[in-house]
Amino acid sequence: RSTLFPYTTLFRSALAQLFQGRQLARCSTQESIAQHIMMIVTSHYGEVVSREDYGSAIWELEFHQLVRADVWEDEVSASLLATINKYEPRLKQIEVKVTLSEIEDYSHHSKVHIRRKADITVKGQLVTNQLPFYFTTAIYISPLSQQQA
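The rules behind these values
Residues numbered from 1 in each chain as written. Predicted model: local features only at pLDDT ≥ 70, side-chain atom pairs only at ≥ 80, totals over all residues. Heavy atoms only, no water. Helix = DSSP H or I, 4+ residues; strand = E, 2+ residues; numbered from the N terminus. Contact = heavy atoms within 4.5 Å. Areas by Shrake-Rupley, 256 points an atom, 1.4 Å probe, with all protein chains shown as cover. Expected span 1.5 Å × (residues − 1). Buried < 20%, exposed > 50% of the residue type's maximum accessible area, 1.4 Å probe, protein only. Arc of directions from axis to C-beta. Phe/Tyr/Trp six-rings, centres within 6.5 Å; stacked < 30°, edge-to-face > 60°. Polar contact = N/O pair within 3.5 Å; in protein donor to acceptor, adjacent residues only side chain to side chain. Salt bridge = Lys/Arg side-chain N within 4 Å of Asp/Glu carboxyl O. pLDDT = per-residue confidence, 0-100.

**Some remarks on the overall build of the protein chain**
For step 1, the next point in the chain: Scanning the protein chain from N- to C-terminus turns up four helices and four strands.
For step 2, the next point in the chain: Across the protein chain, every contact between residues at least 6 apart in sequence was considered, and the portion connecting residues at least 24 apart equals 49%.
For step 3, the next point in the chain: Roughly 9600 Å² of accessible area belongs to the protein chain as shown, and the carbon and sulfur atoms make up 55% of that amount.

What follows is the structure, given as structure tokens:
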């Protein structure tokens, strides 16, 4: 099942552990960066107080059905690249690729719905040790949701 905010349960669990005085498990640097990038992908501009440029153009373009796919891909890619470059200092040499496609959704028994799917890939290099970094996700547009792995 798809969900927009997959980290809500993790946050609640972590908060409960903190209140119980238990130490939280740590994730790897790569996992932390991946979680941060997913937050950027699913955030709209202006959502974070005092950081009006944090987020992506997905929210602004989600319902623009008349925007050509290549223009949509370029605008979302550019917005993600700018935000990641500014707010994710643990990465360098960042590349972002967004590919938009249409898929048939048969989950509605009486009709076939056409949904737009955005495949998002972020490549880069970790600043601390020069190791390669790779992140990929797929989100469905209208309504916005994330494909579960």
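Right, picking up where we left off after that structure.
**Quick notes on helix α4 (residues 69-87)**
For step 1, the next point in the chain: With 19 residues, α4 ought to run about 27 Å at 1.5 Å a step, and its terminal C-alpha atoms sit 27 Å apart, in line with that.
For step 2, the next point in the chain: Those residues of α4 that sit buried are Trp-72, Glu-73, Val-76, Ser-77, Ser-79, Leu-80, Thr-83, Ile-84 and Tyr-87. All buried residues of α4 project into a common sector of 165 degrees when viewed along the axis, lining one side. Residues of α4 that are exposed and point more than 90 degrees away from the buried face comprise Asp-74 and Lys-86.

**Here's the deal with the packing of aromatic side chains**
The geometry of an aromatic ring pair is captured by two quantities: the separation of the ring centres and the angle between the planes.
For step 1, the next point in the chain: Within the structure shown, the criterion is met by one aromatic pair.
For step 2, the next point in the chain: Both rings, one in Tyr-54 and one in Tyr-87, keep their centres 5.2 Å apart while their planes meet at 70 degrees; by these two values the pair is edge-to-face. With Tyr-54 in the loop between α2 (29-42) and α3 (58-61) and Tyr-87 in helix α4, this residue pair connects regions lying 33 residues apart in the sequence. In this structure, Tyr-54 and Tyr-87 share a single accessibility class: buried.

**Examining the side chain of Ser-56**
For step 1, the next point in the chain: Positionally, Ser-56 belongs in the loop between α2 and α3.
For step 2, the next point in the chain: What makes Ser-56 buried here is its relative accessible area of 0%.
For step 3, the next point in the chain: A polar contact of 3.1 Å, which involves the side chain of Ser-56, links it to the backbone oxygen of Val-41.
For step 4, the next point in the chain: The contacts of Ser-56, once residues within four sequence positions are left out, are Ile-40, Val-41, Ser-43, His-44, Tyr-45, Ser-79 and Leu-80.

**Topic: the pattern of salt bridges**
For step 1, the next point in the chain: The tally for this structure, following the rule as stated, stands at four salt bridges.
For step 2, the next point in the chain: Close ionic contact of Asp-70 with Arg-68 constitutes a salt bridge, the shortest N to O distance being 2.9 Å.
For step 3, the next point in the chain: Since its relative accessible area comes to 35%, Asp-70 is described here as partly exposed.
For step 4, the next point in the chain: Exposure remark for Arg-68: the relative accessible area of 54% places this residue in the exposed category.
For step 5, the next point in the chain: Here Asp-119 and Lys-117 are joined by a salt bridge, their closest N and O atoms 3.8 Å apart.
For step 6, the next point in the chain: The buried category is assigned to Lys-117, whose relative accessible area is 18%.

**Structural notes on the confidence of the model for the protein chain**
For step 1, the next point in the chain: Summary statistics for the protein chain give a mean pLDDT of 81 and a share of 74% for residues scoring 70 or more.
For step 2, the next point in the chain: When the elements of the protein chain are averaged for pLDDT, strand β4 (residues 145-146) gives the smallest value, 48, and α4 the largest, 93.
For step 3, the next point in the chain: Below a pLDDT of 50 lies the segment residues 1-7, which in the model reaches 15 contacts outside its immediate sequence neighbourhood of four places, other chains included.

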